[in-house]
Amino acid sequence: MPQLLLELFSEEIPARMQTQAAKDLERMAREHLAAAGFLPEALKTFAGPRRLTLVAEGLPLAQADRKEELKGPRVGAPPQAMEGFLRKAGLTQDQLVERDGVYMAFIEKKGRPTPEIIAEMVEAIIRGFPWPKSMIWGTKKLRWVRPLKRILCVLDREVVPFSIEGIESGDVTEGHRFMGDAKPFVAKDFDEYVAGLEKHFVVLDVEERKQRILEGCKTLCFARHLELVEDQGLLDEVAGLAEWPTPVLGDMDPSFLDLPPEVIRTSMRTHQKYFAVKKPGEPGLAPHFITIANIEAADGGKVIAAGNAKVLSARLSDARFFWDEDRKAGNFDAWLNKLDGVTFHAKLGTMAERVERIVALAGEIAPLVGADVEKAKEAARLAKADLASGMVGEFPELQGLMGGYYAREAGLDPEIAAAIQDHYKPQGPSDAVPTAPLAIAVALADKLDTLVGFFAIDEKPTGSKDPYALRRAALGVIRIILENSLRLSLAKFGKDDLIAFFADRLKVALRDQGKRHDLVDAVFALGDDDLARIFARVEALDGFLKTDDGKNLLAGYKRASNILKAEEKKGPLPTGAPAEPAADSAAEVGLYNALRLLDKPLKDALAKEDFTGAMTQLAELRGPVDAYLDGVFVNEPEHRDNRLRTLAAVRDAMGQVADFGLIAG
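Here's what I pulled together on the structure shown here. Quantities reported herein were computed from a predicted structural model and do not represent experimental measurements.

Details of helix α22 (residues 611-619)
Inference 1: Buried within α22 we find Phe 611, Gly 613, Ala 614, Met 615, Leu 618 and Ala 619.
Inference 2: Where the residues of α22 are buried, they touch α19 (531-545), α20 (548-568), α21 (586-607), α23 (622-631) and α24 (640-655).

Concerning unusual backbone geometry
Inference 1: Following Lys 425, the chain continues into Pro 426 via a peptide bond in cis, with omega recorded as -10°.
Inference 2: Along the chain, Pro 426 falls in the loop between α14 (414-422) and α15 (437-456).
Inference 3: You will see that Asp 156, though not glycine, has its phi angle at about 55°, which is positive.
Inference 4: Considering the arrangement of structural elements, one finds Asp 156 in the loop between β7 (148-155) and β8 (158-159).
Inference 5: On the basis of relative accessible area, Asp 156 is assigned to the partly exposed category, the value being 38%.

Some details on the pairing of strand β10 (residues 167-170)
Inference 1: As defined by bridge partners, β7 adjoins β10 across two bridges and the pair is classed as parallel. The partner of Leu 152 across the bridge, within β10, is Gly 170.
Inference 2: The hairpin formed by strand β9 (residues 163-164) and β10 contains two residues between the paired strands, and Glu 165 there has a positive phi angle of roughly 50°.

As for the packing of α14 against α15
Inference 1: Direction vectors running N to C along α14 and α15 enclose 40°, while the axes themselves pass 8 Å from each other. For the element pair α14 / α15, the angle class is oblique. Crossing geometry of α14 relative to α15 is assigned as right-handed. Residues Glu 415, Ile 416, Ala 419 and Asp 422 of α14 pack against Leu 438, Ala 439, Val 442 and Ala 443 of α15.
Inference 2: Residues of the contact of α14 with α15, tallied by class, amount to six nonpolar, no polar and two charged.

Describing the pairing of strand β3 (residues 51-57)
Inference 1: The element β3 is largely enclosed, with a buried count of six among its seven residues.
Inference 2: Direction of pairing for strand β1 (residues 3-10) relative to β3: antiparallel, over a ladder of seven bridges. Opposite Glu 7, over in β3, you have Thr 53 as the bridge partner.
Inference 3: Pairing of strand β2 (residues 42-47) with β3, which is carried by six bridges, proceeds in the antiparallel orientation. Bridge pairing in β3 places Phe 46 opposite Thr 53.
Inference 4: Taken together, β2 and the strand that follows it, β3, pair antiparallel across an intervening segment of three residues.

Some points on the sheet that holds strand β5 (residues 97-99)
Inference 1: Here we have three strands laid out as an open sheet, ordered β4-β6-β5, and antiparallel in their pairing. Of all strands in the sheet, those bounded by a partner on one side alone are β4 (66-74) and β5. Across the sheet, the mean angle from the axis of one strand to that of its neighbour is 35°, orientation sign disregarded.
Inference 2: Sheet contacts for helix α2 (residues 79-89): β4 and β6 (102-109); angle to β4, the most-contacted strand, approximately 170°.

Focus: the nonpolar core
Inference 1: Within the largest apolar cluster, 132 residues are counted, with the highest numbers of intra-cluster contacts made by Leu 444, Leu 541, Leu 618, Leu 621 and Phe 660.
Inference 2: It is α15 that contributes the most residues to this core, 12 residues altogether.
Inference 3: Setting aside anything within four residues of it in sequence, one finds Leu 444 in contact with Ile 365, Val 477, Ile 480, Ile 481, Leu 486 and Leu 488.
Inference 4: Ranked by size, the runner-up nonpolar core spans 40 residues in total, among them Ile 118, Ala 119, Phe 129 and Cys 153.

Focus: the sheet that holds strand β14 (residues 246-251)
Inference 1: Spatial ordering of the open sheet is given by β13-β15-β16-β14, a layout of four strands whose pairing is antiparallel. What marks the edges here is a single partner per strand, and that holds for β13 (227-228) and β14.
Inference 2: The sheet contact formed by strand β15 (residues 275-278) and strand β16 (residues 288-293) spans two bridges and is antiparallel. The partner of Ala 276 across the bridge, within β16, is Phe 289.
Inference 3: Contacts between helix α5 (residues 206-223) and the sheet are confined to β13, β14, β15 and β16, with β14 contributing the most and set at about 35° to the helix.
Inference 4: Together, β14 and β16 form the strand contacts of helix α8 (residues 302-326), whose direction differs from that of β16 by roughly 120°.

Remarks on the state of the cysteines
Inference 1: The final tally for this structure, using the stated rule, is zero disulfides.
Inference 2: Cysteine Cys 221 shares no disulfide, and the gap to the nearest cysteine sulfur, in Cys 217, comes to 6.6 Å.
Inference 3: A relative accessible area of 1% places Cys 221 in the buried class.

What about the side chain of Ser 267?
Inference 1: Relative to the assigned elements, Ser 267 resides in helix α7 (residues 261-272).
Inference 2: If we ignore the near neighbours within four places in the chain, the residues touching Ser 267 are Gln 272, Arg 315, Leu 316 and Phe 395.

About the thresholds
Residues numbered from 1 in each chain as written. Predicted model: local features only at pLDDT ≥ 70, side-chain atom pairs only at ≥ 80, totals over all residues. Heavy atoms only, no water. Buried < 20%, exposed > 50% of the residue type's maximum accessible area, 1.4 Å probe, protein only. Helix = DSSP H or I, 4+ residues; strand = E, 2+ residues; numbered from the N terminus. Contact = heavy atoms within 4.5 Å. Pairing = 2+ DSSP bridges. Axes fitted to C-alpha atoms, helices over the stretch in contact; angles between N-to-C directions. Parallel < 35°, antiparallel > 145°, perpendicular 65-115°, else oblique. Left-handed = near helix turned anticlockwise from the far one by under 90°. Nonpolar A, V, L, I, M, F, W, Y, C, P; charged D, E, K, R; others polar. Core = buried A, V, L, I, M, F, W, Y, C linked by side-chain atoms within 4.5 Å. Disulfide = S-S within 2.5 Å.

In short, the description is geometric, and any link to function would need to be established separately.
Next up, the structure:
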């Protein structure tokens, strides 16, 4: 079957946009092909510094004939409706067919050659491509991320002819900007294309570029008895900067190693895109770096390394200046004074006012997590001070971390310094949570102030938009509480809408662990807002429902609940505890006795928060409930009220553990 090869060749595409661009190209191509009735056997896209590429296997050379069915207006509809439908269908009224009082149009469309469809598809993709930022150039009206230079479009080894803003499609592309033969080359299928690119020093697949970078870095390190400080985010970025990535090891001035290693790494990473290295088994960094060049230099990269070393020295000299200035005596007080003039949010006051709120919250939380109240308040008071420092002004990602360094340099209590350093954690799913009580108190206070404040002014996340990172803050609170087994009532800090928001975030956290979201709903319905207790209930409930007893008892609960709902529609249900049934009704007696025997052990287990034990107790109901529902006629007039009370007692007993009515299944 024919193969489609498409390449959109341009000036340099920003690395941060490449991954999403490849996904968008695949999505748009699939949508257009599906609309034409094409289902490719395989479709894959690639993104690199100067090109987006798509290859689709198994396309037909022509579209099949199609018959479309259009539903029109009802018989007797106003003439205007009929006229509009006829214009749309391109038919006359005598060509319509009446079906069940509705006019139907049957339109036969002859299939078109695939190249025509591909040409229209490519133009639509190019003109509608969702770049986060795009530009126009020269006198053209076309928008693209950077000036679009070439379009290679080949189907079954033949060029698909079309032109967009003066750019003619063809079967020609080009390789590396500097290395090898700079002349364009012809590629009529994907194999020729990949081989040609490699011959012209271009690695098409980003995963292959990443592997080339990692292997090259590790080889350089091995030769110098060094170890690479791996950085996945940086690897993703540099793989989008070079078509022929070539690692080069350079040397830095060892005198800069007295700077905090995070400062050195951040300067390397943020400004220069360098990888840091260290000596195996030793703390800190080694006085070297690895840069990723886009060429294989004749001298092995010596000039590249030397030039990059000079630039790095200049960057680190700036960092040293900030480091020295920020460590001067009295800086914390000066920084705190500056926060008076920094607006946190127009409706939430200055950063200094936010600090006051965090101090108050930290004081409330400290005794709940086993932290010293006065130390918690002092750590909270100083936690945001480094935002006014020179180093954090240059490297915002070092906030908190530098505050911890400066606190230690100022001779403050090590616990307070550690709390300042860790109070932003966790900042992502891979980040560790603080474990020291003082750090926990300040971290929770910081995040809860953010959440409570923005919810109070109705600045909640909507859809995919979350400008204040409230979802991340809520997940941070949840992780801190769960991973430290803390017992906190969220109702003390937020209203119903914030509690519901935490419930949604807890669903996300538990879903990542393989737990079902409906179990969270079933537990939250009890009105409990203690996350650790909720988590323990969900864990126990999840395990219980995986057993045969759990599955069957859930089915029995739903049968009982459905009977109660149906009877409730007829009038109020009878209230009170069920009376002891007649001895001749074995199923009734069995369930009555099971409920009576269950009451105390179930309450004892719940009081001890032994939720697994509570589930074990509930499992004792499985047999009696099954026998009751299979062998008892509930609506027998003489016994109806008592039997409904019995079913209500089953529902109430199970409802002490979770709202089983919210559980799917």
